[in-house]
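Residue-level structural notes
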Amino acid sequence: MSIKQELINAIKILKENNIEEPRLKARMILANILKQPKEYLLIHEEEELSLNDIKRYEEEIKKLASNVPIQYIINKQEFMGLNFYVDENVLIPQPDTEILVEEVINICRNIAYSEPEKTIKILDLCTGSGAIGVSIAKNIEKCEITLSDISYDALKIAQKNSAEVTALGDTQNNKIKIIQSDLFEKIEEKFDIIVSNPPYIETKTIQTLDKEVQMEPRIALDGGEDGLDLYRRIIKEAYKYLYNNGTLALEIGYNQKDRVINLLKESNMYKEIYSKKDLSNIDRIVACRKRSN
């Protein structure tokens, strides 16, 4: 069967199952199988596909029709202009989280400006795919980054991305290490910056999310009854693992800014607390600095 006919059939199936952007997604999946850019499909639409490619394509279209996120099917998600490997063991990095990464990069650059010889130590807590920490490493020359997660399977993905996205094994200045830890349980050093996009969705809300989102690992979504379980633990414990004046930077849910800021204030361990909005004008991050001992 030709590329053109397979695409026609796939688009029909996706439309029948109310999948958004069926044409684009059908082309993305086939281009990924053929290891070609999407433009190739237009130029070669009469080309006959191999039986193996047809079988794989039809299987993957069935997955997409059953609400499996396309990123898990093609094992790819762009983030901060980089391609990250993702599968069902990790959250799919979202553009909103780039606000958090950009803020940390700015903080790192300010540190580098005032202390040019300093190697900045960063902990990416609840790292998942490693997208936050690896993106920072790609942009900051002198840094040491620890990627930490409770999930061993997630850390295998983070390891893969740290090697492939940054080619850190070939550099001297950027160093990434990976630790399996339930938050700070296995962390033994201090950092200039602790950054985290923790699970923050209220337990009861998860079942109301889009079907595709519900396919993502629950452990990376569920923030407890009020969505703040992980914030309470991080705020309480991060203080011990930050240098004086070190930064804690957190992604937050759309309705959590005031509650997270209140948790920080009530702890009396942090100062210079502020928030920033994403491109949709939604409060997306809260950051602060550790008070001196």
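If you're wondering where the values come from, they're calculated on a predicted model, not measured in any experiment. (Residues numbered from 1 in each chain as written. Predicted model: local features only at pLDDT ≥ 70, side-chain atom pairs only at ≥ 80, totals over all residues. Heavy atoms only, no water.)

Points about the overall build of the protein chain
Looking only at helices and strands, the protein chain has 12 helices and 9 strands in total. With respect to the three principal axes, the spread of C-alpha positions in the protein chain is 70 × 45 × 35 Å. Scored against the burial criterion, the 293 residues of the protein chain give a buried share of 49%. Within the protein chain, contacts between residues at least 6 apart in sequence are counted, and of these 65% link residues at least 24 apart. Of the roughly 15,000 Å² of accessible surface on the protein chain, a fraction of 46% belongs to carbon and sulfur atoms. Distance between charge centres in the protein chain, computed from 41 positive and 49 negative side chains, equals 3 Å. (Helix = DSSP H or I, 4+ residues; strand = E, 2+ residues; numbered from the N terminus. Buried < 20%, exposed > 50% of the residue type's maximum accessible area, 1.4 Å probe, protein only. Contact = heavy atoms within 4.5 Å. Areas by Shrake-Rupley, 256 points an atom, 1.4 Å probe, with all protein chains shown as cover. Lys, Arg positive; Asp, Glu negative; His and termini not counted. Charge placed at Lys NZ, Arg CZ, Asp CG, Glu CD.)

Quick look at the packing of aromatic side chains
With the rule as written, the count across this model stands at 3 aromatic pairs. Aromatic side chains Phe79 and Phe84 sit 6.2 Å apart centroid to centroid with 75 degrees between the ring planes, which places their arrangement in the edge-to-face category. Just as Phe79 is buried, Phe84 falls in that class too. Stacked on the ring of Phe191, the Lys or Arg Lys121 has its end atom at 5.7 Å from the ring centre. Sitting above the plane of the Tyr85 ring, Lys160 keeps its charged end 4.9 Å from the centroid. (Phe/Tyr/Trp six-rings, centres within 6.5 Å; stacked < 30°, edge-to-face > 60°. Lys NZ or Arg CZ within 6 Å of the ring centre and 35° of its normal.)

Describing the nonpolar core
Counting 32 residues, the largest nonpolar core has Phe184, Ile194, Tyr231, Leu248, Val260, Leu264 and Tyr270 as the members making the most contacts within it. The biggest single contributor to this core is helix H11 (residues 229-238), with 5 residues. (Core = buried A, V, L, I, M, F, W, Y, C linked by side-chain atoms within 4.5 Å.)

Regarding the confidence of the model for the protein chain
Summarising the model, the protein chain shows a mean pLDDT of 93, and 97% of its residues fall at 70 or more. Counting contacts from residues 168-173, a segment whose pLDDT is below 50, to residues more than four positions away or on other chains yields 8 contacts. (pLDDT = per-residue confidence, 0-100.)

Comments concerning the environment of Leu147
Residue placement: Leu147 occurs in strand S4 (residues 143-149). In this structure Leu147 comes out as buried when scored by relative accessible area, which is 0%. Considered as a pair, Leu147 and Leu123 are 24 residues apart in the sequence and their alpha carbons are 6.2 Å apart. Excluding anything up to four places from it in sequence, Leu147 contacts Asp124, Thr127, Gly130, Gly133, Val134, Leu155, Ala158, Ile176, Lys177, Ile178 and Ile179.

Some words on unusual backbone geometry
At Cys126, a position not held by glycine, the phi torsion is positive, near 60 degrees. Within the secondary structure, Cys126 sits in the loop between strand S3 (120-125) and helix H7 (131-139). Classification of Cys126 as partly exposed rests on a relative accessible area of 22%. With phi around 60 degrees, Asn268 is a residue other than glycine that occupies positive phi space. Here Asn268 shows up in the loop between helix H12 (257-267) and strand S8 (270-277).

As for the packing of helix H6 (residues 98-114) against H7
The contact between H6 and H7 brings their axes to 10 Å, and the two run at 40 degrees. Classified by the interaxial angle, the pair formed by H6 and H7 is oblique. Crossing hand, H6 versus H7: right-handed. Along the contact surface, H6 presents Leu100, Val101, Val104, Ile105, Cys108 and Arg109, while H7 presents Ile132, Ser135, Ile136 and Asn139. Split into classes, the residues belonging to the contact of H6 with H7 amount to 7 nonpolar, 2 polar and 1 charged. (Axes fitted to C-alpha atoms, helices over the stretch in contact; angles between N-to-C directions. Parallel < 35°, antiparallel > 145°, perpendicular 65-115°, else oblique. Left-handed = near helix turned anticlockwise from the far one by under 90°. Nonpolar A, V, L, I, M, F, W, Y, C, P; charged D, E, K, R; others polar.)

Some thoughts on the layout of surface pockets
Gaps between atoms show up when a probe of the same size as a water molecule is rolled over them. The space that makes up the second largest pocket amounts to roughly 310 Å³. Those elements giving two or more residues to the lining of the second largest pocket turn out to be H6, strand S7 (242-251), S8 and strand S9 (283-290). Of all the elements, S7 adds the most residues to the lining of the second largest pocket, at 5 residues. Of the residues contributing to the lining of the second largest pocket, the split by class is 6 nonpolar, 6 polar and 5 charged. (1 Å grid on protein atoms, 1.4 Å probe; cavity = no way out; pocket = protein on both sides within 12 Å on 5 of 7 lines; lining within 4 Å. Points joined across faces, edges and corners; volume = space filled by probe spheres on them.)

What to know about the state of the cysteines
Summed over all chains, the structure comprises 0 disulfides. As a non-bridged cysteine, Cys108 has Cys143 as the owner of its nearest cysteine sulfur, 6.7 Å distant. (Disulfide = S-S within 2.5 Å.)

Some points on H7
Where burial is concerned, most of H7 is hidden: 7 out of the 9 residues are buried. Here H7 has its buried residues at Ala131, Ile132, Gly133, Val134, Ser135, Ile136 and Ala137.

Some points on the environment of Arg291
By the secondary structure assignment, Arg291 is in the segment after S9. Classification of Arg291 by relative accessible area gives partly exposed; the value is 36%. When the C-alpha positions of Arg291 and Tyr239 are compared, they lie 8.5 Å apart, and in sequence the two are 52 residues distant. Not counting the four nearest positions on each side in its chain, Arg291 is found in contact with Tyr239, Asn244, Asn268, Met269, Tyr270 and Lys271. Among the polar contacts listed, one links the side chain of Arg291 to the backbone oxygen of Tyr270, at a separation of 3.2 Å. (Polar contact = N/O pair within 3.5 Å; in protein donor to acceptor, adjacent residues only side chain to side chain.)

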